[in-house]
Amino acid sequence: MNQTIAFIQREILKEKPEQASLGFGKYFTDYMFVMDYDVEKGWHDARITPYEPITLDPSAMVFHYGQAIFEGMKAYKAADGTIQMFRPEKNMKRLNDSCDRLCIPQIDEEFLLTAIKQLVLTEKDWVPNEEGTSLYIRPFIFSTEPYLGVRPSHQYKLLVILSPSGAYYGDQLSPVKIYVEEQYVRAVIGGVGHVKTAGNYAASLKAQEKAESNGYAQILWLDAKENKYVEEVGSMNIFFKINGEVLTPKLNGSILPGVTRDSVIELLKYWNVPVREARISIEEVYSAHERGELEEVFGAGTAAVISPVGGLNWNGRAITINDNQIGKLSQRIYDEMIAIQLGKKADPFNWTVKIAQVEV
Ligand code: COI
């Protein structure tokens, strides 16, 4: 893609929030990246522009038929003062997989990554450096054509916004309690569960509310057909350590192929810790618990990083995992992952991508 990225300066910069109270996804930086698509020009008019509200026609197709996809990535202030990202090419690839499934035109992955790096560089002073913080990057695409017939839109907008953030769940490594959902389902094979489309999250809200009203932080989804096999949690993939072996649901077409999920598997293989992608029934998890073999459960995701699970409730059967304490392996994976992401430890996998040299 032979495009330049225009820069539109803003007059007054915002005040930056205190790092200690960032939370997740509450603050947004001064600039955003925008690019438009129409059938004649393809993706065009790439620009870094002041972060501000956008105007859309009430008949814009996204409001009616939901062609909307997104990604989640992070930029970190590394120990040596540089800014780095974590496996960003995997997010670019997954964005295109989402485009494909939702009939949205493909993007040039290399170009978008260059644009994201340029945006992050523009906003380098917004990259927080306190423990547990990062600059969360949210690329997203939606249909904009004003039209009410059901078919793929002929016009789209791609935006990238940045949000300096802390932990997704209040306190990063505090174990969370998870509700195993039996009434509602997240995705079916052949559907859109394996891509990152906004509707997947809309469809999860009812169950999420139910879980929260019962005192649980998130939902563990079961397969839609038999209501038997574990799929994923609301905002992350899931891992079980049973009798020394780590198990995670095998990608089957309805589970999101998480970048952190993949990294955890690679890391465990590198450490020679037994790890297996498998079809795991919830019954099997509970039996392992009864035998005293369910050693640890943790979630893994970009926003959540590694999130220990301290309790599960399936059909009224509440169990406590590892005394509601952070498991040794969960802690080790978290420490290693963060150390690699922050450039505090060697990166034998070449996962990190440096994007700028800045003052420490
Ligand atoms: C991420 O981990 O980046 C996600 O997209 C999960 C999100 C819904 C908070």
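Refer to the structure printed above.
For clarity, every value in this text was computed on a predicted model and none was experimentally measured. (Residues numbered from 1 in each chain as written. Predicted model: local features only at pLDDT ≥ 70, side-chain atom pairs only at ≥ 80, totals over all residues. Heavy atoms only, no water.)

### Details of the overall build of the protein
And step 1. Per the secondary structure count, the protein includes eight helices and 18 strands.
And step 2. Expressed as lengths along the three principal axes of its C-alpha atoms, the size of the protein is roughly 60 × 55 × 35 Å.
And step 3. A burial count over the protein gives 55% of its 360 residues as buried.
And step 4. Pairs at least 24 residues apart make up 71% of the contacts formed inside the protein by residues separated by at least 6 positions.
And step 5. As displayed, the protein offers around 16,200 Å² of accessible surface, 48% of which is attributable to carbon and sulfur atoms.
And step 6. Seen as two clouds, the 38 positive and the 47 negative side-chain charges of the protein have centres 3 Å apart. (Helix = DSSP H or I, 4+ residues; strand = E, 2+ residues; numbered from the N terminus. Buried < 20%, exposed > 50% of the residue type's maximum accessible area, 1.4 Å probe, protein only. Contact = heavy atoms within 4.5 Å. Areas by Shrake-Rupley, 256 points an atom, 1.4 Å probe, with all protein chains shown as cover. Lys, Arg positive; Asp, Glu negative; His and termini not counted. Charge placed at Lys NZ, Arg CZ, Asp CG, Glu CD.)

### Side note on helix α5 (residues 205-213)
An α-helical turn contains 3.6 residues, so any two residues separated by three or four positions project in the same direction.
And step 1. Of the residues making up α5, those classed as buried are Ala207, Gln208 and Ala211. Down the axis, α5 shows its buried residues gathered within 100° of arc, on one side only. Facing away from the buried surface of α5 by more than 90 degrees, the exposed residues are Leu205, Lys206, Glu209 and Ser213.
And step 2. On its buried face, α5 is in contact with β9 (176-180) and β10 (218-222).
And step 3. Downstream of α5 by one or two residues, Gly215 has phi in the positive range, about 90°. (Arc of directions from axis to C-beta.)

### Overview of the pairing of β10
Put simply, side chains in a regular strand alternate between the two faces of the sheet.
And step 1. The buried fraction of β10 amounts to five of the five residues, a majority that puts the element mostly inside the structure.
And step 2. The sheet contact formed by β9 and β10 spans three bridges and is parallel. Bridged to Val180 within β10 is Leu220. (Pairing = 2+ DSSP bridges.)

### Concerning helix α7 (residues 282-290)
And step 1. Where α7 is concerned, the buried positions are Ile282, Val285, Tyr286 and Ala288. One side of α7 carries all its buried residues, which in axial view fall inside an arc of 155°.
And step 2. Of the residues flanking the end of α7, it is Gly292, one or two places downstream, whose phi is positive at about 80°.

### A few points about the site of the ligand
And step 1. Taken together, the residues surrounding the ligand are Phe70, Gly72, Tyr136, Arg138, Tyr168, Lys196, Tyr201, Ser235, Thr302 and Ala303.
And step 2. At 2.8 Å from an oxygen atom of the ligand is found a main-chain nitrogen or oxygen belonging to Ala303.
And step 3. In isolation the ligand offers 280 Å² of accessible surface; the protein chains occlude 91% of this area. (Near = heavy atom within 4 Å. Polar contact = N/O pair within 3.5 Å; in protein donor to acceptor, adjacent residues only side chain to side chain.)

### Some points on the state of the cysteines
Simply put, disulfide is the name for a covalent bond between the sulfur atoms of two cysteines.
And step 1. One pass over the structure, following the stated rule, counts zero disulfides.
And step 2. Cys99 carries a free sulfur, and the closest cysteine sulfur to it, the one in Cys103, is 10 Å from it.
And step 3. On the accessibility criterion, Cys99 (0% relative accessible area) is buried. (Disulfide = S-S within 2.5 Å.)

### Quick look at the pattern of salt bridges
And step 1. Overall, the coordinates contain 19 salt bridges when judged by the stated rule.
And step 2. Of the charged contacts in the structure, one is a salt bridge between Glu295 and Lys241, with a shortest N-O distance of 2.8 Å. With Glu295 in strand β15 (residues 294-301) and Lys241 in strand β12 (residues 237-242), this residue pair connects regions lying 54 residues apart in the sequence.
And step 3. What makes Lys241 buried here is its relative accessible area of 17%.
And step 4. The salt bridge partner of Arg276 is Glu245, with a shortest N-O separation of 2.9 Å. Separated by 31 residues along the polypeptide, Arg276 in strand β14 (residues 275-278) and Glu245 in strand β13 (residues 245-249) bring together distant segments of the chain.
And step 5. Take Glu245: its relative accessible area is 22%, and that puts it in the partly exposed class. (Salt bridge = Lys/Arg side-chain N within 4 Å of Asp/Glu carboxyl O.)

### Some thoughts on unusual backbone geometry
And step 1. A positive phi angle, close to 45°, is found at Arg87, a residue other than glycine.
And step 2. Checked against the element boundaries, Arg87 lands in the loop between β6 (82-86) and α2 (88-101).
And step 3. Judged by its relative accessible area of 8%, Arg87 falls in the buried class.

### Quick look at the pairing of β12
And step 1. Counting buried positions along β12 gives six out of six residues, so the element sits mostly inside the fold.
And step 2. Side-chain alternation along β12 places Asn237, Phe239 and Lys241 on one buried face and Ile238, Phe240 and Ile242 on a second face that is also buried.
And step 3. Here β12 runs beside β13; their pairing, made up of three bridges, is antiparallel. By the bridge assignment, Phe240 is partnered in β13 with Leu247.
And step 4. From the end of β12 to the start of β13, which pair antiparallel, there are two residues, and Asn243 there has a positive phi angle of about 50°.

### Overview of the environment of Lys250
And step 1. Mapping Lys250 onto the fold places it in the loop between β13 and α6 (259-270).
And step 2. Separated by 78 residues in sequence, Lys250 and Lys328 have C-alpha atoms that sit 24 Å apart.
And step 3. Every residue in contact with Lys250, bar those within four places of it in the chain, is listed here: Ile255, Arg261, Glu277, Ala278 and Arg279.

### Some details on the nonpolar core
And step 1. Ranked by size, the top nonpolar core spans 37 residues in total, and within it Phe33, Val120 and Ile141 carry the most contacts.
And step 2. When residues of this core are traced back to their parent elements, those giving at least two are β2 (31-38), β3 (42-50), β5 (73-77), β6, α2, α3 (109-122), β7 (134-143) and β8 (155-165).
And step 3. The element that contributes the greatest number of residues to this core is α3, accounting for seven residues.
And step 4. Discounting chain neighbours no more than four positions away, the residues touching Ile141 are Trp43, Gln67, Ala68, Ile69, Leu95, Cys99, Ile104, Ile107, Tyr156, Lys157 and Leu158.
And step 5. Counting 27 residues, the second largest nonpolar core, distinct from the first, contains Leu220, Val233, Met236 and Phe240. (Core = buried A, V, L, I, M, F, W, Y, C linked by side-chain atoms within 4.5 Å.)

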